Structure formats: structure tokens, C-alpha cells
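Below, each chain spelled out in residue letters.
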Amino acid sequence: MESIEPKAVGKAGDLIVQVKELVVGFGEKIILDHLNLDVRRGEILGFIGPSGGGKSVLTRAILGLVPVRSGEISVFGRDLAGANDAEKQAIERHFGVLFQQGALFSALTVRQNIQVPMREYMGISQGLMDELAMLKLELVGLPRDAADKYPSELSGGMIKRAALARALALDPDILFLDEPTSGLDPISAGEFDELIMTLQRTLGLTVFMVTHDLDSLYTACDRVAALGSGKIIAEGPISQLLTSNDPWLHTYFHGKRARAVAEARPAKVSV
Amino acid sequence: MQSEIGFSRDTFDGHASLVLKGAWTASSATALEQQALELEKSDGKAVHIDLGQIGALDTAGAWLIDRARARLVAKGAAATIINASEAQKILLEEAKYRSFDTGPQAIEWPVVNFFVDVGATVVGAGRDLYGGVEFLGRFMVTLGVLVRHPKQFRFTSLVAQIERIAFGSVPIITLINFLVGCIVAQQGIYQLQKFGAAPFSVDLIGILVLRELAVLLTSIMIAGRSGSAITAELGSMKMREEIDALQVMGLDPTAVLIVPRILALIISLPILTFLADMAALFGGLLTAWVYGDIGPEVFLDRLQQAIALNTFMVGLIKAPFMALVIGLNACVEGLAVGGSAESLGQQVTASVVKSIFAVIVVDGLFAMYFVAIHY
């Protein structure tokens with residue numbers, strides 16, 4: 001098997017995830033209808049859409065958690081449907097996922113949570129695992145004494161950070177975030193956006209972020225894709241989406257709540 | 001595209017130059033750790049770690065390289081990292097080596113731990129008893145309130161619980177009691193035959209089943225089947241703040257959730273015990289007939305002489321108390337569930353174990369009591 005070494009070959013701007021003509025449905029209901037989406041290396045892609053519109057379904061389809069009816073999902077240029085189990089595992093090793101509720105294992109401490117993927121995949125000494133776990137912990141801005149706490153002893157914001165540290169355990173290339181700032185106070189949410197941007201810069205991460213947080217869209221995202229009736233209805237830098245004629249997008253970006261944010265924040269300038 | 005992790009070492013006049021090659025990433029972590037330990041073995045007054053030819057770097061690689069550098073410095077060498085690109089410099093800065101030592105671990109004494117465990121268990125048992133009595137009080141007070149305000153009583157919930165606890169358990173409880181009746185009859189006949197006293201096995205079956213076995217087996221079965229369900233249900237409601245939601249709506253969780261469940265148990269268990277009595281006697285009758293050649297008429301005749309109403313009542317009187325003990329235990333444990341999935345599992349286990357233990361203790365107390373009053 002050819003080893004997958006995306007970091008060695010990747011250049012900024014390459015397509016890291018390509019979704020082509022994807023159809024996903026449950027029973028009679030079609031959730032994603034011939035959807036196309038590209039994620040480029042090194043960008044933060046914000047993904048928006050109405051509640052219940054299939055944002056999470058797309059994320060889960062890319063992660064291989066829901067069955068796909070037709071269409072193609074390729075990651076690092078490899079079709080996931082055609083990959084065997086070992087290849088899929090090798091690809092998934094380069095994914096980091098932050099679930100909406102954190103999904104930390106409640107029976108394990110934060111340190112043990114971070115070490116679960118390390119223990120499974122890295123084959124390194126316990127001492128180094130401890131060091132790397134603490135490193136990730138500090139990277140996401142958690143205090144050291146959080147390491148030996150159980151998830152039930154942490155606040156909502158700390159759970160998100162701990163879950164992010166676990167998502168970063170294997171130094172992934174692409175990070176999936178499902179509503180990372182929901183349930184956080186505006187200060188924590190702002191810090192979280194900063195954190196994601198710092199990580200993107202320092203680790204060269206690609207970030208796929210499902211979010212409804214307008215502040216995150218303005219400050220953190222390089223590009224935004226909007227989902228509507230099972231397709232991508234608009235895609236591009238936020239400035240481009242602001243001028244869209246789609247009624248849903250118009251309400252989204254020019255509604256009462258959005259206007260206040262828009263006045264306060266200039267859109268992020270992509271590098 | 002894959003390049004082996006490694007480095008070349010040039011030592012010249014006390015200056016070592018280490019040129020790193022390959023992708024120093026978490027993908028090949030095992031090799032990475034070994035190579036980093038090799039890096040540390042360099043001697044020389046000045047060591048240059050050269051990243052100019054490195055394939056790729058991530059936090060794991062950066063950490064190990066900087067750790068090697070820091071350890072070389074600690075050995076007295078002037079170690080520096082050279083030729084790092086801008087991105088790599090940021091990475092190295094983020095993953096700068098620092099010690100995470102938390103100081104020496106506290107020494108553990110097994111003997112002390114043993115006494116600590118014993119103490120904790122005793123205190124825990126005391127707290128359980130206290131909590132159980134407190135909860136019984138709360139239950140009785142709520143019951144009193146409901147008697148005064150019958151409109152607040154959840155009759156639908158009570159019926160639903162009775163359906164789940166009593167109706168749902170009928171098949172399994174009649175089956176196990178039927179089988180136990182058969183077994184007791186078979187053993188009774190087999191052992192008593194040696195003394196020519198086989199017909200007395202009917203006395204044995206009648207008294208043993210009615211006084212003890214039926215009610216005990218039923219209670220243990222209900223503790224496992226319904227007690228665990230109640231604990232799990234209340235526990236997951238607690239975890240998801242549903243009980244808090246009831247409280248803030250001005251509804252008393254004890255009245256809404258707990259009273260219907262415990263009352264349903266108290267009503268169901270005597271009914272089930274009666275069914276268990278009948279099933280076990282029927283099993284005994286069949287076995288006596290087939291195995292011991294004691295016909296049904298003889299069996300019933302002897303049974304009538306052997307038992308009186310009080311034999312039957314002894315078993316039945318115990319049933320509601322068993323139900324109360326099981327119900328209180330299940331509810332206390334359910335409400336003690338914390339935030340984690342693990343704690344739910346622990347409390348369900350505790351609920352079943354404590355309920356069965358309590359049922360047997362109560363049975364023993366009743367045995368002494370009935371002897372004392374010659375019942």
C-alpha cells in the first residue's frame with residue numbers, strides 16, 4: 001500500500017476534499033441532492049445552511065459515518081468509496097473531528113482522552129505520549145491541572161477545548177468542526193476563533209467548520225459555502241456571499257442580527 | 001514520495017552538524033521517537049540541528065527536535081536549530097520544550113489503603129442507610145400530600161408502570177417458579193423416599209414455596225428486571241436535566257416520577273407472588289405425579305392438611321415490603337447518577353445488588369418476626 005503523506009506533498013490551494021454529485025438520503029427523503037463542494041488545503045471553510053438542512057449529514061458523509069447513495073467523495077485525491085479498509089483508516093488518521101457536544105469519553109480523564117488516538121496509532125512510549133498530550137492541552141489553551149479532570153468536571157468551553165486537543169492528537173491535516181462556538185459565551189467564542197486561526201497558521205491545518213456564528217464567519221473563515229435544498233447555493237469569500245440574491249442568504253446576512261455584526265466587523269482578507 | 005526519517009551527523013573539531021531528512025511527522029511516530037533519542041547522543045561543544053533538508057514537520061516532530069535540543073543544552077553543548085523555514089519556526093515556538101513534571105508522586109501504602117477502603121465502605125453503608133431512610137420519609141410525606149390532594153396523583157403513570165412491572169413480568173416469573181417447584185418436588189421426593197416418607201414432600205413443597213421461595217424468587221427477579229429499569233430511567237433523566245426541568249416547572253419529581261413507580265411495585269409484587277405460588281405448586285404437583293407417583297387428588301388432599309391460610313399469607317404479607325425496599329433502592333440510586341455514562345452503569349449495578357441484598361435481609365427479619373409471634 002502506498003503510504004499517504006499529505007504533508008510532504010501538499011501545497012496551499014490544492015484540493016484536499018472533493019465532493020462530486022453527492023446524493024445522501026434516508027428512506028424516501030433526499031437530504032443531499034447532487035452536491036458539489038471543494039475544500040482547499042490551508043483554508044478555513046465555513047459551512048452554513050438552515051437547521052435540519054443537511055450540514056451535519058455532509059460532514060458525516062465525508063467522515064464515512066452515513067451511507068452514500070451515489071456520487072464521489074475524494075480526500076487527498078483518493079476516492080473513499082473505492083478505498084479498502086486499510087486505506088480508509090490511513091486517510092482517517094489525517095482527520096481531526098470536533099463533535100458538537102465534544103464527545104469526550106466520560107470514563108476517561110482529559111489526558112487519557114487525548115491519548116486514545118495516540119495509543120491506537122502512534123506506537124510511542126508512555127512518557128512521550130504524556131508530553132505530547134500536555135503539549136496539545138497547552139496548544140488549545142487549557143491549564144495543566146485540567147489534564148487529570150474528568151469531562152463531567154469541565155465547563156462547556158473547556159470541554160470544547162479538550163475535545164479540540166483530542167482532535168489534534170495525531171496532528172491531522174484537516175479538522176472538522178461541528179458548531180465549535182455554539183454554547184460558548186461571546187468572549188470564549190472569540191477566543192476559540194482566534195485559536196482556530198492560530199492553529200491553521202502554525203500547523204497548516206485545513207478547517208471545515210459548520211457554524212451559525214456570524215462572528216466566526218466574518219473573522220475566521222476564508223471562504224463560506226451555503227447549503228440550500230440539498231445543494232450548495234453559494235460558495236466564495238464572505239464578501240461575495242453578502243451580495244447574493246438568494247432570499248435565504250439575504251436574510252441570513254442582512255437580517256437584524258447580521259447587520260449588527262456586519263457593521264462591527266470587516267470581513268477577513270484571505271491570504 | 002515517502003522518505004525515510006533520519007539524519008546525518010558530521011563531527012568536525014568539536015562541532016556537530018545534524019542534517020535532518022524525511023518527514024518528521026506523527027505518521028511515523030515510532031521511528032520519530034527513536035531518531036530523536038539518537039539526536040541526543042551527539043557530542044561536541046556546539047551542535048547544529050539543520051532543518052534545511054527536512055521533508056515535513058508537525059507538532060510531534062517539532063516537540064521531539066526541540067526536546068533533543070534542550071537535552072543537549074542540559075548536557076552542556078551549545079545546541080541550536082538552524083535553517084528552519086518561517087512556518088517551522090512558528091511550529092518550534094508553539095512546541096517549545098518545557099518540562100511537564102508535576103513533582104514526585106505521593107507514596108502509596110497498601111496497608112493504609114486497605115484501611116481507607118474499609119472505612120470508606122463502612123461510611124458509605126451508613127450513608128446509604130441514612131439516605132434510604134430520608135428518602136422513605138420524603139416518599140411518605142409526598143404520599144400524604146397526594147392523599148389530601150388526590151387530583152395531583154398521576155393515575156395514568158401508575159397504570160403504565162403496573163403494566164410494565166406486573167404484566168410484563170408474568171411469563172418469566174411463572175416460568176421460573178414453575179421450574180423451581182418442579183425441582184423442589186423432585187429433590188424432596190428423592191431424598192425423603194430413603195426414609196419411606198415420600199408423601200411428606202407435599203408438605204415440604206407447600207410450606208417452602210408459599211412461605212419463602214415464591215416471594216423471594218419474585219422479589220429477586222423484579223429487583224433485576226424492574227429495579228434496574230427504574231434506576232436507568234431516572235438516572236438518564238437526571239443526566240439530561242429532565243428532573244431539574246420538572247422541578248422548575250413547579251412539579252415535584254417525587255410525586256411525578258417516584259410515587260407512581262414505588263406504588264406500582266407495591267401493587268404488582270403481591271400479584272406476581274400469588275402467580276408465583278400457583279405456578280410453583282403446579283410444578284410440584286406435576287412432578288409429584290410423574291416422578292413420585294403421587295396423584296393430583298392425593299397431592300391436593302395432603303396439601304390441604306399441610307398448609308393453612310397463614311402459610312399462604314406469610315409469603316404474601318412480605319411482598320409489599322420487598323417492593324418498597326426494591327423501589328426505594330432503585331430510586332435512590334437512580335437519582336445519585338452523576339454526569340458520566342460510567343456512573344449510570346455503576347448506579348444500575350449498585351441498585352440491583354443492594355436491592356437483592358436488602359430483600360434477603362428483610363426476609364430474614366420477617367422469618368424471626370413470624371417465629372416470635374407464632375404465625
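Quick note: structure is the one above.
Computed from a prediction, not measured in an experiment: that's the story for all the values here. (Residues numbered from 1 in each chain as written. Chains lettered and ligands numbered in written order. Predicted model: local features only at pLDDT ≥ 70, side-chain atom pairs only at ≥ 80, totals over all residues.)

Attention now goes to helix α3 (residues 86-94) of chain B. An α-helical turn contains 3.6 residues, so a residue and the one three or four places further along point in the same direction. Within α3 of chain B, the full set of buried residues consists of Gln 88, Leu 91 and Leu 92 of chain B. Along the axis of α3 of chain B, the buried positions cluster into a sector of 100°, meaning they face one direction only. For α3 of chain B, the exposed residues set more than 90 degrees away from the buried face come down to Glu 86 and Glu 93 of chain B. Considering only its buried residues, α3 of chain B is in contact with α7 (186-203) of chain A together with β4 (54-57), α2 (59-74) and β5 (78-82) of chain B. (Buried ≥ 20, exposed ≤ 12 C-beta atoms within 10 Å, placed from the backbone. Helix = DSSP H or I, 4+ residues; strand = E, 2+ residues; numbered from the N terminus. Arc of directions from axis to C-beta. Contact = placed C-beta atoms within 7 Å.)

All names here are of chain A. Relative orientation of the contacting elements helix α4 (residues 110-121) and helix α5 (residues 126-139) amounts to 120°, with a least axis distance of 9 Å. Comparing their axes, α5 and α4 come out oblique. Along this stretch, α4 crosses α5, giving a crossing that reads as right-handed. Taken together, the residues of α5 that come into contact with α4 (itself represented by Arg 111, Ile 114, Gln 115, Met 118 and Arg 119) are Met 129, Leu 132, Ala 133, Lys 136 and Leu 137. Across the contact of α4 with α5, the residue classes break down as 6 nonpolar, 1 polar and 3 charged. (Axes fitted to C-alpha atoms, helices over the stretch in contact; angles between N-to-C directions. Parallel < 35°, antiparallel > 145°, perpendicular 65-115°, else oblique. Left-handed = near helix turned anticlockwise from the far one by under 90°. Nonpolar A, V, L, I, M, F, W, Y, C, P; charged D, E, K, R; others polar.)

All right, on to the interface of chain B and chain A then. As a measure of interface size, the accessible area lost when the parts come together is often cited. Taken together, the 26 residues of chain B in the interface contact 26 residues of chain A. Within the residue set of the side of chain B that touches chain A, elements represented by two or more residues are α1 (29-40), β4, α2, α3 and α11 (341-372) of chain B. It is α3 of chain B that provides the largest number of residues to the side of chain B that touches chain A, a total of 4 residues. Of the residues that constitute the side of chain B that touches chain A, the class distribution is 13 nonpolar, 9 polar and 4 charged.

Moving on, we get to the sheet that holds strand β8 (residues 206-210) of chain A. Hydrogen bonds between backbone atoms are what pair the strands of a sheet, whose relative direction is either parallel or antiparallel. Residue and element names in this part refer to chain A. The 6 strands lie next to each other as β6-β7-β8-β3-β9-β10, forming an open sheet whose pairing is mixed. Whereas interior strands pair on both sides, the edge strands pair on one side only; in this sheet they are β6 (95-98) and β10 (231-236). Geometrically, the sheet is characterised by an average inter-axis angle of 15° between neighbouring strands, direction not taken into account. Pairing between strand β9 (residues 223-228) and β10: 5 bridges, direction antiparallel. Residue pairing across strands places Ala 226 opposite Ala 234, the latter belonging to β10. Of the strands in this sheet, β6 and β7 (174-178) are in contact with helix α6 (residues 156-167), which crosses β6 at around 165°. (Pairing = 2+ DSSP bridges.)

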